[in-house]
Amino acid sequence: MKITKLIIFTLALVLVSCKNEETKNTSNNPVEEKVQALLAKMTIEEKIGQLNLRGTSSRVKGSLPEELKQAVRDGKVGAFLNVMNTDYVDELQKIATEESPNKIPLIFARDVIHGFKTIFPIPLGLAASWNPETVEASSRVAAVEASSSGIRWTFAPMLDIARDSRWGRIAESPGEDPFLASKLSTAYIKGFQGEDLKSSTSMITCAKHFIGYGAAIGGRDYNTAIINKELMQNVYLPPFKAAFEAGSQTVMTSFNETNGIPASGDKKLLQDILRKQLKFDGFVVSDWNSVTEMIPHGFAKNEKHAAEIGITAGLNMEMTSKSYENHVKDLLKEGKLNETQINSLVAEILRVKFRMGLFDNPNRDKNHTGNLYAESHLELAKKSAIESSVLLKNEGNILPFSKETKIAVIGPLADKPREQLGTWTFDGDKTHTITPVASFKKANVNHNFVEGLSYSRDLSEKDFQKAIAAGKKSDVIVFIGGEEAILSGEAHSRANIDLPGAQEKLIKELAKTGKPIVLVIMAGRPITLTNIINNVDAVLMAWHPGTMGGPAIHDMLFGVKEPQGRLPVTWPKVAGQLPLYYNHKNTGRPAIPEEFVQMNDIPVGAWQSSLGNTSHYLDAGYTPHFPFGYGLSYTSFEYSNLKLSTNKLTDANEITVEVTVKNIGKRDGEELVQFYVQDVVGSITRPVKELKGFKRVSLKQGEEQKVSFSIGVKDLKYYNSELIYGVEKGNFNVWIGKNAAEGLKGSFVYE
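Computed from a prediction, not measured in an experiment: that's the story for all the values here.

Asker: Just to check I follow, could you spell out the overall build of the protein for this structure?
Answerer: Counting secondary structure elements, the protein contains 19 helices and 27 strands. Whereas a compact globule of 751 residues would reach a radius of gyration of roughly 27 Å, the protein reaches 27 Å, a difference of no more than 12%. Summarising its shape, the C-alpha atoms of the protein cover approximately 75 × 65 × 55 Å along the three principal directions. Scored against the burial criterion, the 751 residues of the protein give a buried share of 59%. In the protein, 78% of the contacts between residues at least 6 apart in sequence involve partners at least 24 apart. Considering the protein, the positive charge centre built from 88 side chains and the negative charge centre built from 87 side chains are found 1 Å apart.

Asker: I keep staring at the domain arrangement of the protein and nothing clicks. Help me out?
Answerer: Accessible area lost upon the coming together of the parts serves often as the stated size of an interface. Here the protein is described as being made up of domain 1 (377–558) and domain 2 (637–750). Put simply, the middle of domain 1 and the middle of domain 2, counted by C-alpha atoms, are 36 Å apart.

Asker: What am I meant to see in the UniProt feature "domain: Fibronectin type III-like" (unreviewed entry) in the protein here?
Answerer: Per the UniProt record, the feature "domain: Fibronectin type III-like" (unreviewed entry) sits at residues 671–740. In the segment residues 671–740, helix accounts for 0% and strand for 63%; the C-alpha atoms at its two ends are 14 Å apart.

Asker: Looking at this structure, I do not really get the sheet that holds strand 15 (residues 476–482). What am I missing?
Answerer: The strands that make up a sheet pair up through hydrogen bonds in the backbone, lying either parallel or antiparallel. Within the open sheet, the 6 strands sit side by side as 12-17-16-15-13-14. Their pairing is mixed. Only two strands of the sheet have a single neighbouring strand rather than two, namely strand 12 (390–394) and strand 14 (447–450). Here the average twist between neighbouring strands, direction ignored, is 15°. Alignment of strand 13 (residues 407–410) against strand 15, held across 4 bridges, turns out to be parallel. Within the sheet, the bridge partner assigned to Ile410 lies in strand 15 and is Phe479.

Asker: Looking at this structure, I do not really get the pattern of salt bridges. What am I missing?
Answerer: Working definition: two side chains of opposite charge can pair if their charged atoms are close together. Taken as a whole and assessed by the stated rule, the structure comprises 38 salt bridges. Between Glu66 and Lys69 there is a salt bridge; the shortest N-O distance is 2.9 Å. Separated by 3 residues within a single helix, Glu66 and Lys69 lie in helix 3 (residues 66–73), roughly one turn from each other. Among the salt bridges present, the one from Arg696 reaches Glu670, with a minimum N-O distance of 3.8 Å. Of this pair, Arg696 sits in strand 22 (residues 690–699) while Glu670 sits in strand 21 (residues 669–679); the two residues are 26 residues apart in sequence, bridging distant segments of the chain. A relative accessible area of 23% means that Glu670 is categorised as partly exposed.

Asker: Please clarify how the sheet that holds strand 6 (residues 206–210) should be interpreted in this entry.
Answerer: The strand order across the open sheet built from 3 strands is 6-7-10, with neighbouring strands paired in parallel fashion. Sheet topology places strand 6 and strand 10 (283–285) at the edges, where each strand pairs with a single neighbour. Averaged over all neighbouring strand pairs, the angle between strand axes comes to 30°, with direction disregarded.

Asker: Explain helix 18 (residues 503–511) here, please?
Answerer: One full turn of an α-helix is made of 3.6 residues, so residues set three or four places apart face in the same direction. The complete set of buried residues in helix 18 reads Gln503, Glu504, Leu506, Ile507 and Leu510. Looking straight down helix 18, one finds its buried side chains confined to an arc of 160°; they lie on one side.

Asker: For this particular structure, what's the right way to read the packing of aromatic side chains?
Answerer: The geometry of an aromatic ring pair comes down to the distance between the two centres and the angle between the two planes. Tallied over the entire structure, the rule returns 27 aromatic pairs. Their ring planes at 10° and their centres at 5.0 Å tell us that Phe675 and Phe709 sit as a pair that is stacked. Placement of the pair is Phe675 in strand 21 and Phe709 in strand 23 (residues 704–711), with a sequence separation of 34 residues. Taken together, Trp130, Phe179, Tyr582, Phe628, Tyr676 and Phe694 form an aromatic cluster joined through their ring pairs.

Asker: How do you make sense of the side chain of Glu490 when you look at a structure like this?
Answerer: Position of Glu490 among the secondary structure elements: in the loop between strand 15 and helix 18. Separated by 2.7 Å, the side chains of Glu490 and Tyr222 make a polar contact. Excluding residues that lie within four positions of it along the chain, Glu490 makes contacts with Arg169, Glu172, Tyr213, Asp221, Tyr222, Phe255 and Trp424.

Asker: What am I meant to see in the side chain of His327 here?
Answerer: In this fold, His327 is placed in helix 13 (residues 323–333). Not counting residues up to four positions away in its chain, the partners in contact with His327 are Glu303, Lys304 and Ala307.

Cut-off values and rules
- Each chain has its residues counted from 1, following the order in which its sequence is written.
- Given that this is a predicted model, residues contribute local features only at a pLDDT of at least 70 and side-chain atom pairs are listed and counted only at 80 or more, while totals for whole chains, interfaces and linings are drawn from all residues.
- Only hydrogens and water are set aside; all other atoms, that is, all heavy atoms of the structure, feed into the side-chain values.
- A run of H or I in DSSP becomes a helix once it reaches four residues, and a run of E becomes a strand once it reaches two; helices and strands are each numbered from the N terminus.
- In this treatment the radius of gyration is a C-alpha quantity, and the globule benchmark scales as 2.2 Å times the residue count to the 0.38 power.
- Burial classes follow relative accessibility: with a 1.4 Å probe on protein chains only, a residue under 20% of its type's maximum area counts as buried, one over 50% as exposed, and anything between as partly exposed.
- Here, residues are in contact when the closest pair of their heavy atoms is within 4.5 Å.
- None of His or the chain ends enter the tally, which takes Lys and Arg as positive and Asp and Glu as negative.
- Charged side chains are reduced to one point each, which is NZ for Lys, CZ for Arg, CG for Asp and CD for Glu.
- How far each domain reaches was decided by an automatic or database domain assignment.
- UniProt positions are given in the numbering used here, feature names are shortened, and annotations may be inferred rather than shown by experiment.
- Any two strands with at least two DSSP bridges between them are considered paired.
- To get an axis, a line is fitted to the C-alpha atoms, and for a helix only the part in contact is used. The angle between two axes follows their N-to-C directions and goes from 0 to 180 degrees.
- Put simply, a salt bridge is a Lys or Arg side-chain nitrogen that is within 4 Å of an Asp or Glu carboxyl oxygen.
- An arc is given here, and it is the one of the directions from the helix axis to the C-beta atoms.
- Here is the rule: rings of Phe, Tyr and Trp (six-membered ring for Trp) pair when centre to centre is within 6.5 Å. Planes less than 30 degrees apart are stacked, more than 60 are edge-to-face, and the remainder are tilted.
- Polar contact criterion, stated in full: a pair of N or O atoms within 3.5 Å, where within protein one must be able to donate a hydrogen and the other to accept it, and residues adjacent in sequence count only if both atoms are side-chain atoms.

Listed below in structure tokens is the structure:
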């Protein structure tokens, strides 16, 4: 299809010719007047100092080194990370604002990812809530708690689209879909930053990782990403665009290279795309040592060259490594850099500090306690865990239990307060964590707890017989397993994502008792269940649920509440299917049930042929174990009567797509109604489906409700191979349903 058939709405890299001019217009911008006045007084050493982010891998221990204090006194540090002793925070800020040449305040940063003291479900779990309001509220609590320690900058949210469950950092991601991720992105920014950046409870955000970190080859952390320009625009950039429109003040470059260039040295990425196209006007910080890591990447010859590349690309602040500090001054003398470049980078940092109100109120508010572990915080954490949990199987409606049910609680994560917090919880305190076992005890549940395995990777079978004996004496077995917290997150990718250790073997032995088994999983990623799915009667995915995971699991198992989560990622049968995602493209020979031939159905000695002639695996097929958007309830819902207000879309109208949803089960419940669209023919091939909306409805038993979505031209636009953003005339399909794999179908034409 020719480009001339496009209705062109914007050219992504041309529409905005330069970054926001308002920030440069000193006559109309009081902040800019202050920035330029301050810049005029700063020495080159002080300017370089603002580009330096200093800290340690966890926290400064012992007394503050005099060398460090002197660096602040000389104006050679712009920000700190991981300084968690509030006395040190106060002392360093006092030195900066009273003793440094121009009294420029510091920013104190920390990885506050899904809670500070009160820990919420991991971000992938929060994404499973499909609830931006919950994400915003949990982030607000995290900011309130963390800012009491002087933290005013968080390295969150992580907005990497993740399509490979082997990748350890999928635990921190918003999932595989750009539409859902963008909604959550906005919520995170609003929650962390609050309504006023100058508030003592506001933490500026750092949208990360820019960009393509989640596309690392093979799901191996830090690895190469290969992303074509259309995919970059249509899939990986939208959550960042949403973050910047919501006001995120900083962005972090990713460790990886994308298409041959490490992100921390990618001038086109940081200037053409970030500054010009996305209109970002905050500052860019590198990830940990990622500037000097351009040397092992083979992109920089040495540390000095790395500094030159980083500055030229437009990277403002270097995290922990010292190439800027060590070499920028010499690079200026040699003419490889110029002071105009440095001034621009420093100005972008100073603007953010002025927006935060640090020049007027730099000190930690000592009257701000953070309300750590406040009752309202804990209630929200429990609510978040329930909304995040996904019921994947419930054979024979084994769940929920009655109060009289006699339960054998078995498994390595049933009573592990630290492990259920998940990855990136430096400040979480396990003594405040309530486990499932603790919740069962408090509720006087008739249960017997036998661990069976002492940790998730445990291979010992020494306690198997105790667990089996407990199972035989029960009405039902609740096996709580999964992954320890350390098995997901940064640098914790896995090639095999089955339950680790001897968990599968123990489950198979327990199944021999004949007692029904409910598997509760705590993990940072989807866990492949093919080997044991037929041995268990129910599966509840709780992710790593956080501080209040125990009470949440208790309430769900006993029907006080029902699991409300839906999958934000496609769940594979085996790791060999990965990467796997619902919004894939068709091939010229898409897999269809009528032509699929499973490996064991091939006759021995069969004539050599391309069996089935479609795109599939002989052993694993072509469908996932559970599709994107999947999740069961304790009741059932029926969809009927799909209607479109018109089957013709024009530039002047929108189409309303309506469906009737009825609760046909035996109890009240909630359903997440999902809306998908397919552009049938495009100038580049289009995904088989794309999420365009979702709504949660509460229905009493027997109640029905009409649910509608609107679709307009603006919702159908995409970037083509020429990076032209628009929509083409032609045919479109729509679905409203329970998940990406099923739903009622309709169609319309855009004329």
